[in-house]
Amino acid sequence: MPKPTKGPRLGGGPAHERLLLANLAAALFTHKSITTTETKAKRLRPYAERLVTFAKRGDLHARRRVLGLIGDKSVVHELFTEIAPLVAEREGGYTRITKIGNRKGDNAPMAVIELVLEPVTPKVKSAKSQAAAAPAAAPVEEAPVEEAPAEDVVVDEAATEEAAAEAPAEADAK
(Lines give C-alpha, C1' and ligand atoms only; values in the text may rest on other atoms or scores of the structure.)
Protein backbone atom coordinates (compact mmCIF):
# COMPACT_ATOMS: atom_id res chain seq x y z
CA MET A 1 0.00 0.00 0.00
CA PRO A 2 1.50 3.40 -0.95
CA LYS A 3 2.27 5.74 1.88
CA PRO A 4 0.24 8.97 1.76
CA THR A 5 2.05 12.26 1.40
CA LYS A 6 2.83 14.37 4.43
CA GLY A 7 0.73 17.38 5.16
CA PRO A 8 -2.90 18.10 4.42
CA ARG A 9 -4.67 16.16 1.70
CA LEU A 10 -5.95 18.13 -1.24
CA GLY A 11 -8.99 16.71 -2.94
CA GLY A 12 -10.10 13.09 -3.06
CA GLY A 13 -7.16 10.90 -3.98
CA PRO A 14 -3.53 11.08 -5.00
CA ALA A 15 -4.30 11.41 -8.71
CA HIS A 16 -6.62 14.34 -8.04
CA GLU A 17 -3.97 15.93 -5.82
CA ARG A 18 -1.31 15.61 -8.55
CA LEU A 19 -3.62 17.21 -11.11
CA LEU A 20 -4.60 19.97 -8.69
CA LEU A 21 -0.96 20.86 -7.96
CA ALA A 22 -0.09 20.74 -11.66
CA ASN A 23 -2.94 23.11 -12.50
CA LEU A 24 -2.04 25.47 -9.66
CA ALA A 25 1.61 25.49 -10.81
CA ALA A 26 0.55 26.17 -14.41
CA ALA A 27 -1.61 29.09 -13.25
CA LEU A 28 1.25 30.41 -11.11
CA PHE A 29 3.71 30.33 -14.01
CA THR A 30 1.18 31.90 -16.37
CA HIS A 31 -0.01 34.73 -14.11
CA LYS A 32 3.09 35.07 -11.85
CA SER A 33 0.75 35.36 -8.84
CA ILE A 34 -2.41 33.51 -7.76
CA THR A 35 -4.83 33.70 -4.85
CA THR A 36 -5.70 30.39 -3.21
CA THR A 37 -6.16 28.87 0.23
CA GLU A 38 -3.19 28.82 2.59
CA THR A 39 -3.14 25.02 2.57
CA LYS A 40 -2.95 24.79 -1.21
CA ALA A 41 -0.32 27.54 -1.34
CA LYS A 42 1.84 25.73 1.21
CA ARG A 43 1.55 22.46 -0.73
CA LEU A 44 2.24 24.24 -4.04
CA ARG A 45 5.44 25.98 -2.90
CA PRO A 46 7.86 22.99 -2.94
CA TYR A 47 6.23 21.64 -6.12
CA ALA A 48 6.64 24.93 -7.99
CA GLU A 49 10.15 25.55 -6.70
CA ARG A 50 11.21 22.11 -7.89
CA LEU A 51 9.86 22.88 -11.36
CA VAL A 52 11.72 26.22 -11.41
CA THR A 53 14.92 24.38 -10.46
CA PHE A 54 14.40 22.07 -13.44
CA ALA A 55 13.83 25.12 -15.64
CA LYS A 56 17.09 26.66 -14.43
CA ARG A 57 18.93 23.54 -15.61
CA GLY A 58 17.36 24.12 -18.98
CA ASP A 59 18.36 20.90 -20.71
CA LEU A 60 16.09 18.63 -22.72
CA HIS A 61 15.73 16.06 -19.97
CA ALA A 62 14.59 18.72 -17.49
CA ARG A 63 12.11 20.09 -20.03
CA ARG A 64 10.65 16.60 -20.59
CA ARG A 65 10.36 15.98 -16.85
CA VAL A 66 8.46 19.22 -16.39
CA LEU A 67 6.27 18.39 -19.40
CA GLY A 68 5.45 15.10 -17.69
CA LEU A 69 4.11 17.00 -14.69
CA ILE A 70 2.54 19.99 -16.46
CA GLY A 71 0.94 18.97 -19.73
CA ASP A 72 0.64 22.45 -21.25
CA LYS A 73 3.56 23.11 -23.62
CA SER A 74 3.02 26.88 -23.66
CA VAL A 75 3.31 27.08 -19.85
CA VAL A 76 6.49 24.98 -19.90
CA HIS A 77 7.92 27.16 -22.66
CA GLU A 78 7.18 30.30 -20.63
CA LEU A 79 8.76 28.72 -17.55
CA PHE A 80 11.96 27.82 -19.38
CA THR A 81 12.35 30.96 -21.52
CA GLU A 82 10.98 33.78 -19.35
CA ILE A 83 10.99 32.77 -15.69
CA ALA A 84 14.20 30.70 -15.49
CA PRO A 85 16.52 33.51 -16.73
CA LEU A 86 15.01 35.91 -14.18
CA VAL A 87 15.80 33.59 -11.26
CA ALA A 88 19.12 32.27 -12.58
CA GLU A 89 21.20 33.92 -9.82
CA ARG A 90 18.75 33.01 -7.05
CA GLU A 91 19.66 29.88 -5.09
CA GLY A 92 16.15 29.04 -3.95
CA GLY A 93 13.12 30.80 -2.56
CA TYR A 94 11.48 31.37 -5.92
CA THR A 95 8.01 31.83 -4.40
CA ARG A 96 6.50 34.06 -1.72
CA ILE A 97 3.32 33.34 0.25
CA THR A 98 1.41 36.28 1.73
CA LYS A 99 -1.62 35.66 3.94
CA ILE A 100 -4.56 37.90 3.05
CA GLY A 101 -7.27 36.98 5.55
CA ASN A 102 -10.29 34.72 5.34
CA ARG A 103 -12.65 34.07 2.45
CA LYS A 104 -16.09 35.58 2.88
CA GLY A 105 -18.18 32.51 2.04
CA ASP A 106 -16.64 29.73 4.14
CA ASN A 107 -14.09 31.66 6.24
CA ALA A 108 -11.20 29.68 4.73
CA PRO A 109 -7.78 31.28 5.28
CA MET A 110 -6.58 32.71 1.97
CA ALA A 111 -3.10 33.51 0.69
CA VAL A 112 -1.41 34.95 -2.38
CA ILE A 113 1.46 32.87 -3.76
CA GLU A 114 3.70 34.71 -6.21
CA LEU A 115 6.97 34.23 -8.01
CA VAL A 116 9.90 36.24 -6.66
CA LEU A 117 11.37 37.72 -9.84
CA GLU A 118 13.32 40.64 -8.35
CA PRO A 119 17.09 40.47 -8.88
CA VAL A 120 19.12 39.09 -6.01
CA THR A 121 21.13 41.63 -4.01
CA PRO A 122 24.35 40.26 -2.51
CA LYS A 123 24.46 40.24 1.28
CA VAL A 124 26.79 42.76 2.91
CA LYS A 125 29.02 41.23 5.54
CA SER A 126 28.69 42.75 8.98
CA ALA A 127 31.65 44.18 10.88
CA LYS A 128 31.65 41.20 13.26
CA SER A 129 31.95 38.62 10.48
CA GLN A 130 34.68 40.66 8.77
CA ALA A 131 36.62 40.90 12.07
CA ALA A 132 36.30 37.15 12.54
CA ALA A 133 37.53 36.51 9.01
CA ALA A 134 40.51 38.89 9.39
CA PRO A 135 42.54 36.73 11.84
CA ALA A 136 42.14 33.72 9.57
CA ALA A 137 43.68 35.69 6.72
CA ALA A 138 46.52 37.06 8.88
CA PRO A 139 48.99 34.12 8.58
CA VAL A 140 49.19 34.59 4.82
CA GLU A 141 52.36 36.54 4.07
CA GLU A 142 52.08 39.37 1.63
CA ALA A 143 54.76 40.24 -0.90
CA PRO A 144 56.39 43.63 -0.27
CA VAL A 145 54.84 46.33 -2.39
CA GLU A 146 57.22 48.65 -4.14
CA GLU A 147 56.28 52.29 -4.18
CA ALA A 148 56.08 54.11 -7.46
CA PRO A 149 58.72 56.75 -8.13
CA ALA A 150 57.66 60.27 -7.22
CA GLU A 151 57.95 61.52 -10.78
CA ASP A 152 55.35 58.99 -12.04
CA VAL A 153 52.67 60.23 -9.63
CA VAL A 154 50.36 62.77 -11.25
CA VAL A 155 48.87 65.31 -8.88
CA ASP A 156 46.00 67.55 -9.85
CA GLU A 157 47.21 70.89 -8.52
CA ALA A 158 43.87 72.66 -9.03
CA ALA A 159 42.05 70.05 -6.93
CA THR A 160 44.57 70.34 -4.09
CA GLU A 161 44.29 74.14 -4.10
CA GLU A 162 40.46 73.92 -3.96
CA ALA A 163 40.63 71.44 -1.08
CA ALA A 164 43.03 73.70 0.81
CA ALA A 165 40.71 76.69 0.30
CA GLU A 166 37.64 74.75 1.48
CA ALA A 167 39.25 73.45 4.67
CA PRO A 168 39.47 76.88 6.44
CA ALA A 169 35.92 77.72 5.28
CA GLU A 170 34.59 74.54 6.92
CA ALA A 171 36.47 75.32 10.13
CA ASP A 172 34.90 78.82 10.27
CA ALA A 173 31.40 77.39 9.76
CA LYS A 174 31.71 75.23 12.88
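Further up the page is the structure itself.
Residues numbered from 1 in each chain as written. Predicted model: local features only at pLDDT ≥ 70, side-chain atom pairs only at ≥ 80, totals over all residues. Heavy atoms only, no water.

A. Structural context of the overall build of the chain. Within the chain, the secondary structure is distributed over 6 helices and 3 strands. The linear arrangement of helices and strands in the chain, starting from the amino end, is α-β-α-α-α-β-β-α-α. Burial statistics for the chain: of 174 residues in total, 25% are counted as buried. When contacts within the chain are restricted to residue pairs at least 6 apart in sequence, long-range pairs at least 24 apart make up 56% of them. Of the roughly 12700 Å² that the chain leaves accessible, carbon and sulfur atoms contribute 57%. (Helix = DSSP H or I, 4+ residues; strand = E, 2+ residues; numbered from the N terminus. Buried < 20%, exposed > 50% of the residue type's maximum accessible area, 1.4 Å probe, protein only. Contact = heavy atoms within 4.5 Å. Areas by Shrake-Rupley, 256 points an atom, 1.4 Å probe, with all protein chains shown as cover.)

B. Highlighting the nonpolar core. F29, L44, L51, I70 and L79 are the most contacted members of the largest nonpolar core, which totals 31 residues. Elements that contribute at least two residues to this core include exactly α1 (14-31), α2 (38-57), α3 (60-69), α4 (73-86) and β3 (109-115). For this core, the element with the most residues is α2, which contributes 8 residues. (Core = buried A, V, L, I, M, F, W, Y, C linked by side-chain atoms within 4.5 Å.)

C. Broad picture of the sheet that holds strand β2 (residues 95-102). Read from one edge to the other, the open sheet built from 3 strands follows the order β1-β3-β2, with strand pairing classed as antiparallel. The sheet is open, and its two borders are formed by β1 (33-37) and β2, each paired with just one other strand. The sheet shows a mean angle of 25° between the axes of neighbouring strands, taken without regard to direction. One ladder, built from 5 bridges, connects β1 with β3; its direction is antiparallel. Residue pairing in the sheet places I34 in a bridge with I113 of β3. (Pairing = 2+ DSSP bridges. Axes fitted to C-alpha atoms, helices over the stretch in contact; angles between N-to-C directions.)

D. Spatial organisation of the packing of aromatic side chains. Counted by the stated rule, this structure contains 0 aromatic pairs. Positioned above the aromatic ring of F80 is the side chain of R63, whose terminal nitrogen or guanidinium carbon lies 4.4 Å from the ring centre. (Phe/Tyr/Trp six-rings, centres within 6.5 Å; stacked < 30°, edge-to-face > 60°. Lys NZ or Arg CZ within 6 Å of the ring centre and 35° of its normal.)

E. Layout of unusual backbone geometry. With a phi angle near 70°, K32 is a residue other than glycine that sits in the positive phi range. Note that K32 resides in the loop between α1 and β1. On the accessibility criterion, K32 (25% relative accessible area) is partly exposed.

F. Fine view of the environment of A22. In this fold, A22 is placed in helix α1. Accessibility expressed as a relative area gives 9% for A22, which makes it buried. Spatially, the C-alpha atoms of A22 and D72 are 9.8 Å apart, while their sequence positions differ by 50 residues. When sequence neighbours within four positions are dropped, the list of residues in contact with A22 reads Y47, L69 and I70.

G. Local environment of the environment of A26. Mapped onto the secondary structure, A26 falls in helix α1. Accessibility expressed as a relative area gives 14% for A26, which makes it buried. Sequence-wise, A26 and V75 are 49 residues apart; in three dimensions their C-alpha atoms are separated by 6.2 Å.

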